[in-house]
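# Descriptive structure summary
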Amino acid sequence: MASPLYENIEALSREKGIDPQIVVSAVEDAIAVATRKHYKIQENMRGELNKETGALQAYAYRTVVETPEQIEDPNAQITLEDAREIDPNVEVGGEIRQYKSTDGVLGRISAQLAKQVIFQKVREAERDTVYNDNIGRVGEIINATVKRTEGPDVIFDIGKAEARMGRKEQSRLESFAVGERVRVVMVRVEKASKGPQVVVSRAAPELVQNLFQTEVPEIYDGTVVIRAIAREAGERTKIAVMSKDKDVDSVGACVGMKGMRVQSIIRELRGEKIDIIEYHEDPVTFAEKALQPAKVSRVSVLDATDKHLEVIVDDTQLSLAIGKKGQNVRLAAKLLGWKIDIKSEEEKRQEVEQQMSALTTATNTPLEKVPELGESVIEKLVGAGITTVEQLADMTPEQLEELPGVGPKTIEKISIAVNNFFSALEAGEAQSAEPGTAALSEAEVAVDAAPDEIAGENIEVPNVHVATDVSDFAEAAETGQALEAAEIAGVENAPAADVAEVHVHGEEPVPEPEEVAAPEENQPEEASKPEHSE
């Protein structure tokens, strides 16, 4: 039969939820400490509790070594020779016990010390038990009772332990009364100096997931799967669902008939808004769904590696897509796991225009290219931060007047110089763009260089052989300019004529058989005119 002392130890163990042996060890340690303090010794002490009689004993123990040279601590070791005087059967490595009387040991001070040792051991055991019991329940939904409030924190009773819910783990829509039962999520178990602390939450997404599993049978049996949840407690929750059965509507199953299922969850969350979205593997389609209720114009992937999307919406839908304080786009980004940039149609148009403008103004012309400005004016403009002709052309006369050292006459000079520069630039571009002009320049160069040499087709002009390329002739023949230029140049540069070459007006000159005339349909009438018609 157990002693009354041991029965009390078992009752305490059941109350604290710890092993009775832990309490017994605490009592034995306490009697050992009290005995050492009573006898004022430094020897190692142990206590013993007799479960049947409830008697407490304490003894000093030392380890047996063979020779005196092996003794390092006389309070903890004893030689074999000395040990056998106490116990003849002891061997090396054994233990010698010397019992001390415990009568009168537990005085007031010693009893207080023993009490502290017992309480400390019990508290440590209780902390370890709480930690081991709850560390495997992290992420579970548990029913808790509000026990008390400590400032902004709420303390819950979860059975054998207490749980704390901080302000960040609460919804702003909720308030709790003492004794109220609520469902909470166990988010973590912390080891603190005061013992393990269980932290619960009502703001975790797992709470919404558990509520949907409870209210929607299709989610509970796995027909509908919750793929992602993004939540801002007390404001809005977005949940993406997918159906494994093509005949089951995932969104409709979560909403329920007349919204009964989702309304039940909303009541549990104290009026928090919930958006139920159909999940898509394609991020573009998923982004369009996630940004509801806003209507998206188009979505483009900027960087698939970094998961970056650009979403374009109508100007009237921009504020709706962003949401209150950016809430809608923030939740959509959490739901997708992608970065989302939202722009309106007008912002995108301006961005494209800026990019095009940057491309067109990529080449900047320095002011030195406009010699009409003069060095003094250029120095003034450069000092004001204007270094290119394009910058100068974009400025109004009013803006120029604000520049230091620039007056009305200088403004007029700048205007004329810039206009002349761009006029000359446009004229040069137009000249290079006209094929006839290019052909004329080539014809003049060819005539000046070698008027009697023909590099390609021979053009029959009286006493003139114009050297031109076949392609240049084809271009010039369409306009008629090349032949006129060649004729004039040929007459001026022609050598002295022989008598045989001189003919009278009206007589037909005999063409040389080896020279082939240009195609008749492309030759203008000026090619057959007499030489003196000029």
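Before reading on, note that the structure itself is shown above.
We now turn to the structure provided with this report.

Definitions and cut-offs
- Counting from 1, residues in each chain are numbered in the order their sequence is written.
- Given that this is a predicted model, residues contribute local features only at a pLDDT of at least 70 and side-chain atom pairs are listed and counted only at 80 or more, while totals for whole chains, interfaces and linings are drawn from all residues.
- Computation of side-chain values covers all heavy atoms of the structure but excludes hydrogens and water.
- Each helix is a run of H or I in the DSSP string that is no shorter than four residues. Each strand is a run of E no shorter than two, and both are numbered from the N terminus.
- Think of it in three bands: with a 1.4 Å probe and only protein chains considered, a residue is buried below 20% of the maximum accessible area for its type, exposed above 50%, and partly exposed in between.
- Any pair of residues with heavy atoms lying within 4.5 Å of one another is described as a contacting pair.
- The protein chains shown are the only cover counted for residues, whose accessible areas, like all others here, come from Shrake-Rupley with a 1.4 Å probe.
- Should DSSP find at least two bridges between two strands, the strands are taken to pair.
- All axes here are fitted lines through C-alpha atoms, helices being fitted over the stretch that makes contact, and every angle between N-to-C directions spans 0 to 180 degrees.
- Aromatic pairs are defined between Phe, Tyr and Trp rings, using the six-membered ring for Trp, whenever the two ring centres lie within 6.5 Å; interplanar angles under 30 degrees are classed as stacked, those over 60 as edge-to-face, and all others as tilted.
- Any Lys NZ or Arg CZ found within 6 Å of a ring centre and within 35 degrees of that ring's normal is scored as a charge over the ring.
- For the purposes of this section, nonpolar cores are sets of buried Ala, Val, Leu, Ile, Met, Phe, Trp, Tyr and Cys residues that join through side-chain atoms within 4.5 Å.

### Examining the overall build of the protein
- A count of helices and strands for the protein gives 19 helices and 15 strands.
- Burial status across the protein gives 36% buried among its 534 residues.
- Of the contacts formed within the protein by residues at least 6 apart in sequence, a portion of 57% connects residues at least 24 apart.
- Looking at the protein as shown, the accessible area adds up to about 32000 Å², and 49% of this sits on carbon and sulfur atoms.

### Focus: the sheet that holds strand β14 (residues 308-313)
- What the three strands build is an open sheet, ordered β13-β14-β15; its pairing is mixed. On the outer flanks of this sheet lie β13 (296-303) and β15 (339-344), each paired with one strand and no other. Within the sheet, the average angular offset between the axes of one strand and its neighbour, ignoring direction, is 20°.
- Pairing of β13 with β14 involves six bridges; the strand directions are antiparallel. Note on β14: the bridge partner recorded for Ser300 is Glu310.
- Contacting β13 and β14, helix α9 (residues 283-290) crosses the sheet at an angle of about 135° to β13.

### Topic: the packing of aromatic side chains
- Summed over the entire model, instances satisfying the criterion amount to three aromatic pairs.
- Judged by centre distance (5.1 Å) and plane angle (55°), the ring pair of Tyr59 and Tyr99 falls under tilted. Placement of the pair is Tyr59 in strand β2 (residues 56-65) and Tyr99 in strand β4 (residues 95-100), with a sequence separation of 40 residues.
- Taking relative accessible area as the criterion, Tyr59 reaches 3% and is therefore assigned buried.
- On the numbers, 6.0 Å between centres and 80° between planes, the contact of Phe156 with Phe176 is edge-to-face. Of the two residues, Phe156 is situated in strand β6 (residues 153-157) and Phe176 in the loop between β7 (162-165) and β8 (181-192); the sequence distance between them amounts to 20 residues.
- The ring centre of Tyr279 lies 4.4 Å from the NZ or CZ of Arg227, which sits over that ring.

### Some details on the nonpolar core
- One finds Val311, Leu335 and Ile342 to be the most contacted residues of the largest nonpolar core, which totals 26 residues.
- Elements with a contribution of two residues or more to this core: β10 (224-232), α9, β13, β14, α10 (318-322), α11 (327-336) and β15.
- No other element matches α11, which puts five residues into this core.
- Not counting residues up to four positions away in its chain, the partners in contact with Val311 are Leu291, Val296, Arg298, Val299, Ile340, Asp341, Ile342 and Lys343.
- Counting 21 residues, the second-largest nonpolar core is a separate cluster that includes Val185, Ile239, Val241 and Ala253.

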